[in-house]
Amino acid sequence: GFVSPAGPSPTSSIHVYTQREVHGTVGSHVTLSCSFWSSEWISEDISITWHFQAEGSRDSISIFHYAKGQPYIDDVGTFKERMEWVGNPHRKDGSIVIHNLDYTDNGTFTCDVKNPP
């Protein structure tokens, strides 16, 4: 038979779902949806981080962070004045809205969810 290794399971995984592509028009707004699912209860320590990697850039920057029950818009980049937190971790939602879209917003947005322990 199959014997599972002793000790706790490495991590009970959390599955994060986002749209593959989101299109918006310059000057309008777009919702970047991020929903997640975990077999564990959602802890009070849940954290959500959004990163942005501009098209053609190798570096990604953190643009938004939710931690200890509070949303924080990172003070870097061009998003800080234009970002709105619309998520609700208790509903397993980590979505944000980017307002007043510009061409320079083209790139890859990543939603990262951690549900410790």
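The rules we used
Numbering of residues starts from 1 in every chain and runs along the sequence as written. Only residues with pLDDT of at least 70 are given local features in this predicted model, and only at 80 or more are side-chain atom pairs given and counted; all residues enter the totals for whole chains, interfaces and linings. Heavy atoms throughout the structure, all of them, feed into the side-chain values; hydrogens and water do not. Disulfide assignment relies on a single distance test, namely cysteine sulfur atoms paired within 2.5 Å. Counting from the N terminus, the helices are DSSP H or I runs at least four residues long and the strands are E runs at least two residues long. Buried means the residue's accessible area, taken with a 1.4 Å probe over protein chains only, is under 20% of the maximum for its type, while exposed means over 50%, and partly exposed covers the values in between. Lining residues are defined by having an atom within 4 Å of a point belonging to a cavity or pocket. Those points lie on a 1 Å grid over the protein atoms alone, cavities being sets where a 1.4 Å probe fits but cannot get out and pockets being open sets with protein on both sides within 12 Å along at least five of seven lines. Grid points are joined across faces, edges and corners, and a volume is the space filled by probe spheres set on the points. Gly falls in the polar group here, along with every residue not listed as nonpolar (Ala, Val, Leu, Ile, Met, Phe, Trp, Tyr, Cys, Pro) or charged (Asp, Glu, Lys, Arg).

Draft legend 1. Geometry of the state of the cysteines. According to the stated counting rule, one finds 1 disulfide in the structure shown. The disulfide partner of C34 is C111, and the S-S distance across this bridge is 2.0 Å. Taking the torsion about the S-S bond as the criterion, the C34 to C111 disulfide, at about -65 degrees, is left-handed. Taken together, the residues C34 in strand β3 (residues 34-38) and C111 in strand β9 (residues 107-114) connect sequence positions 77 residues apart. Each member of the pair C34 and C111 is classed as buried.

Draft legend 2. Inspection of the layout of surface pockets at higher detail. There is about 620 Å³ of room inside the largest pocket. If you trace the largest pocket, you find 25 residues lining it, with V22, D105, N106, G107 and F109 closest to the centre. The set of elements that each furnish at least two residues to the lining of the largest pocket consists of β2 (30-32), β4 (47-54) and β9. Looking at the lining of the largest pocket residue by residue, the class counts come to 10 nonpolar, 10 polar and 5 charged.

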